[in-house]
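# A structural walkthrough
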Amino acid sequence: MKNQQPYDDEDDWISKSEIKREADRLKKIGAELVALTKPQLATIEMSPTLREAIALAKRLKDKREAARRHMNYIGKVMRTEDEEAISAGLDKIRNKHIYQAQAQLALEKQRDLLVAEGDAAINQLLEQNPSLERQKLRQLVRQAKKEAEQEKPAKAHQDLAKYLKENA
């Protein structure tokens, strides 16, 4: 019983090297979590046990051997975590500028749709976001259309985008 080999779910033998590679990979993810700031960590779903372990690791940074052992512990705790959720959260933090650019493009597309279609688009947007004010939207759309017709600078377009960003 002492020399029993590790097996995965399909009863395939897993080598010791593979187990070590997996442990190292989880430790690297843990080290990446330790390097994050508190607001960044708050955006990632994880268990309270892992949160406490990360907080302790931040306090142990100056103590080299203790920090190394604690990183091993974080790797062990990571085995029980939802790795996909943590990886997705890290990906969002790493690629924050890409997500912001996509959000900005979607906002501009919504603004252009409102200006082009008018009341029909406003009604559809209000169904999706009831917190928006119909009167304010109609006023901003009307001003944006007027500026476009007179070929003036697009101040109302900017105001409309700002309103959508703040309230949507």
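The structure we're discussing is the one just above.
Let us look at the structure shown here.

Cut-offs and rules
Residues numbered from 1 in each chain as written. Predicted model: local features only at pLDDT ≥ 70, side-chain atom pairs only at ≥ 80, totals over all residues. Heavy atoms only, no water. Salt bridge = Lys/Arg side-chain N within 4 Å of Asp/Glu carboxyl O. Helix = DSSP H or I, 4+ residues; strand = E, 2+ residues; numbered from the N terminus. Buried < 20%, exposed > 50% of the residue type's maximum accessible area, 1.4 Å probe, protein only. Axes fitted to C-alpha atoms, helices over the stretch in contact; angles between N-to-C directions. Parallel < 35°, antiparallel > 145°, perpendicular 65-115°, else oblique. Contact = heavy atoms within 4.5 Å. Nonpolar A, V, L, I, M, F, W, Y, C, P; charged D, E, K, R; others polar. 1 Å grid on protein atoms, 1.4 Å probe; cavity = no way out; pocket = protein on both sides within 12 Å on 5 of 7 lines; lining within 4 Å. Points joined across faces, edges and corners; volume = space filled by probe spheres on them.

## Re the pattern of salt bridges
- Tallying each qualifying case throughout the model produces ten salt bridges.
- Notably, a salt bridge pairs Arg21 with Glu18, separated by 2.9 Å at the nearest N-O pair. Of the two residues, Arg21 and Glu18 are both situated in helix H1 (residues 16–34); the distance of three residues between them amounts to about one turn of the helix.
- For Glu18, a relative accessible area of 35% translates into the label partly exposed.
- As a salt-bridge pair, Glu22 and Arg25 come within 2.6 Å of each other at their nearest N and O atoms. Taken as a pair, Glu22 and Arg25 lie in helix H1 at a separation of three residues, close to a single helical turn.
- Given a relative accessible area of 32%, Arg25 falls into the partly exposed group.
- Through salt bridges with shared partners, a single ionic network connects Glu22, Arg25 and Glu83.

## Here we look at the packing of helix H5 (residues 83–94) against helix H6 (residues 96–117)
- At a minimum axis distance of 4 Å, the contact between H5 and H6 shows a crossing angle of 75°. By the angle between their directions, the pair H5 and H6 is classed as roughly perpendicular. Counting all contacts with H5, which are made through Asp91, Lys92, Ile93 and Arg94, the residues of H6 involved are Lys96, His97 and Tyr99.
- When grouped by side-chain class, the residues that make up the contact of H5 with H6 number two nonpolar, one polar and four charged.

## Considerations on the environment of Gln124
- Summarising the element assignment, Gln124 is placed in helix H7 (residues 119–128).
- For the pair Gln124 and Leu137, spaced 13 residues apart in sequence, the C-alpha to C-alpha distance is 12 Å.

## Topic: the layout of surface pockets
- Taken as a whole, the largest pocket encloses approximately 230 Å³ of empty space.
- If you trace the largest pocket, you find it lined by Ile14, Glu18, Ile19, Glu22, Ala23, Leu26, Met78, Arg79, Glu81 and Glu83.
- The element contributing the most residues to the lining of the largest pocket is H1, with five residues.
- The calculated volume of the second largest pocket comes to roughly 150 Å³.
- Lining the second largest pocket are Gln40, Thr43, Lys92, Ile93, Lys96 and Tyr99.
- Secondary-structure elements contributing two or more residues to the lining of the second largest pocket are H5 and H6.
- For the lining of the second largest pocket, the residue count by class is two nonpolar, two polar and two charged.

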